[in-house]
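Commentary on secondary and tertiary structure
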Amino acid sequence: MDDRIMESSSSSCHKHSSTSVEHPKAIIHIDIDCFYAQVEMLRNPELRSQPVGIQQKNIVVTSNYEARKYGIKKCMAVTDAIKICPNLKLVNGEDLHNYRAASNNIFAALQHWKCPVEKLGMDENFIDVTNLVEERIKSVKDDKITFVGHIYEESITECLCGCHLRLKIASQMAKEMRKKLFDELGFTTSAGIAHNKLLAKLICPLHKPNDQTTIFPEHGASFMSTLQSVRSIPSIGSKTTEALISQNIITVSDLQKVSVDLLKKHFSSDMAVRLKNLSIGEDNTPVKQTGKPQSIGLEDSFKTVSVKSEVEERFSALLQRLLVLVREDGRIPVSLRVTLRKKDVKRLSSHRESRQCQVSPSIFTINHGAPTVTEAGQQKLMTLIMRLFNKLIDLSKPFHLTLVGLAFTKFQERMTGRGSIVNYLMNDISVQSVLNITNDCDTSASSMDYSAASPSSSTTTDLSDGEVEPSPKKPKKVNWIAKRRCLSKEEVASPSKLKVGELRLNSRELEKVSELRLNSRDRSLTPRASPAKDNLSDTDTMKDGSEGGNCDECPSYVDKEVFNALPDEMQQELKAMWKNPSNSELPRSSPRIMNKAKSNTILKYFVPHK
């Protein structure tokens with residue numbers, strides 16, 4: 001261990017002033033013990049006292065601690081595992097649904113503390129409890145606070161910045177979180193507590209399972225020096241590791257001793273400084289609140305598939321599972337990606353290729369608040385999938401695949417504005433086919449990272465945290481044709497019974513509408529125009545008190561059948577808009593919505609706005 005490093009690390013704890021704090025953060029890292037195995041043991045309590053292995057294909061991807069006593073290790077071949085543990089209970093873990101659901105429940109439970117929570121894979125979470133710790137400090141006396149769990153090396157003197165007190169309280173909060181997860185969900189967990197994410201994650205496994213460890217800032221460098229490989233540091237990948245090893249930098253202690261100037265010869269200046277800081281336990285990466293994933297996907301690997309029909313069967317099975325995830329997510333997908341891993345028999349190697357295309361939102365219907373797909377819609381999706389497959393594979397030649405994958409990579413949120421006509425139609429209303437886009441715009445798919453590789457990455461993989469995909473190109477022309485598919489006029493009074501069919505507006509007609517509206521505005525600004533003409537367009541001569549259900553006075557660009565299918569109050573609102581676009585009696589949201597209306601919205605159809 002380099003004395004200068006220890007000296008600088010220790011002295012940093014005593015640097016302080018009245019206006020700044022050296023180690024202000026309090027970070028908790030929670031890791032679920034043998035996550036996959038625990039999920040299975042909770043589903044089947046009889047497995048608790050037995051050695052359990054989670055099998056995917058011919059690999060034991062993980063196991064419980066009882067099995068590990070026999071020497072079972074991650075990603076061990078099933079045949080080898082059975083040899084060393086003949087009574088090993090194997091559970092098929094290729095379907096990740098139960099694991100994903102458990103992960104979401106854990107994440108939801110951690111939201112109870114109103115702190116930023118960042119998911120890492122399915123079984124790990126970072127929680128920034130800094131603000132909550134500061135609140136508790138004000139209400140608790142120092143002599144009443146004790147550490148919970150283990151401490152990595154006791155300190156003779158406390159850091160002057162007050163970080164020891166903050167970490168004491170954080171250790172108590174970690175115990176509370178772990179207790180909640182066990183009492184409510186049944187999971188035993190381990191935790192690491194530190195002033196940054198790096199140390200919290202690395203110290204967490206020190207006393208696994210079902211325990212927790214706290215490390216002080218002044219011991220960060222000495223703890224890091226015990227790591228036997230630079231690869232142990234999160235965010236240092238295989239390529240960086242190879243570059244460091246080429247310079248005879250193998251352990252973290254080696255990295256601590258090397259100068260930044262030497263690192264700059266092989267890495268960028270920022271990267272060199274970053275590596276140096278990580279080696280002594282310094283990390284300022286914030287805990288970022290995890291939101292909804294940018295993509296949701298699944299993969300299935302196999303030895304080899306060389307027949308199109310079998311590929312289609314595997315895609316169909318993946319699609320069924322993927323649609324379950326979409327229902328749970330609640331958003332409507334608008335882009336689909338297909339991934340293949342091709343095997344080169346001659347070179348004994350394989351590579352991935354991807355293509356993606358747009359998906360019409362009309363394929364999905366909202367049922368009880370969740371997007372669902374009919375059998376016809378599933379058939380449309382399969383048509384898109386196989387179309388992309390045909391673009392990736394030349395069927396006139398033999399092919400060998402070892403993996404297929406499906407992912408929805410772009411989503412749209414449902415409009416929920418009170419004044420939105422789209423919301424008026426879609427909220428508790430069955431909208432069958434608002435927009436039907438048949439042309440696809442495919443694109444070839446093209447990564448501090450704390451991501452941990454999923455044990456199932458070689459088989460069936462959850463791609464919910466996949467890379468950001470390029471936005472699919474929008475079609476240049478979208479044709480709209482108005483058709484009425486609704487109930488009889490007497491039943492239309494209730495919005496919940498309204499069914500709007502395919503609504504399409506020809507782009508040329510839309511241009512004519514915009515021209516008409518612009519001319520109408522010009523006339524309304526003419527000084528010589530009479531007050532009556534100022535308030536009426538050429539095509540709208542209705543009186544204020546006229547009732548809905550009649551579209552004899554509708555503008556020429558509006559289909560009368562579609563208009564008559566709308567509820568009376570919506571007809572009245574639209575007539576008022578046509579009559580006087582600047583009418584102050586309209587709802588305040590109307591002008592705002594008109595400005596935001598896109599060319600393919602129902603509002604734009606009725607009230608074009610250039």
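Residues numbered from 1 in each chain as written. Predicted model: local features only at pLDDT ≥ 70, side-chain atom pairs only at ≥ 80, totals over all residues. Heavy atoms only, no water.

- An unreviewed UniProt entry lists the protein under the name UmuC domain-containing protein, with Parnassius mnemosyne as the source organism.

1. With respect to the overall build of the protein
- Helix and strand content of the protein: 22 helices and 19 strands.
- When each of the 610 residues of the protein is scored for burial, the buried share is 46%.
- Accessible area for the protein stands at about 31600 Å²; split by element, carbon and sulfur atoms hold 49% of it. (Helix = DSSP H or I, 4+ residues; strand = E, 2+ residues; numbered from the N terminus. Buried < 20%, exposed > 50% of the residue type's maximum accessible area, 1.4 Å probe, protein only. Areas by Shrake-Rupley, 256 points an atom, 1.4 Å probe, with all protein chains shown as cover.)

2. A word on the side chain of D329
- Mapped onto the elements, D329 comes out in helix α14 (residues 308-329).
- Of the residues examined, D329 reaches a relative accessible area of 12% and is grouped as buried.
- Apart from residues no more than four positions distant in its own chain, D329 is found in contact with K292, P293, I296 and F411. (Contact = heavy atoms within 4.5 Å.)

3. Quick look at the sheet that holds strand β8 (residues 150-152)
- Taking strand neighbours across the sheet as the criterion, the six strands line up as β6-β7-β1-β9-β10-β8 in an open arrangement whose pairing is mixed. Sheet topology places β6 (117-120) and β8 at the edges, where each strand pairs with a single neighbour. Neighbouring strand axes in the sheet, compared pairwise and without regard to direction, differ in orientation by 20 degrees on average.
- Examined bridge by bridge, β8 and strand β10 (residues 212-215) share three bridges and lie parallel to one another. Its bridge partner being in β10, I151 is matched across the sheet by T214.
- Where helix α5 (residues 97-110) meets the sheet, its contacts fall on β1 (27-32), β6 and β7 (124-128), and the angle it forms with β6 comes to roughly 160 degrees. (Pairing = 2+ DSSP bridges. Axes fitted to C-alpha atoms, helices over the stretch in contact; angles between N-to-C directions.)

4. What to know about α14
- Taking 1.5 Å per residue, 22 residues should reach 32 Å; α14 reaches 31 Å between its end C-alpha atoms and fits that length.
- Residues of α14 that are buried: V311, F315, L318, L319, L322, L323, L325, V326 and D329. For α14, the angular spread of buried residues about the axis comes to 155 degrees, placing them on one side.
- Looking one or two residues past α14, G330 carries a phi angle of roughly 95 degrees, positive in sign. (Expected span 1.5 Å × (residues − 1). Arc of directions from axis to C-beta.)

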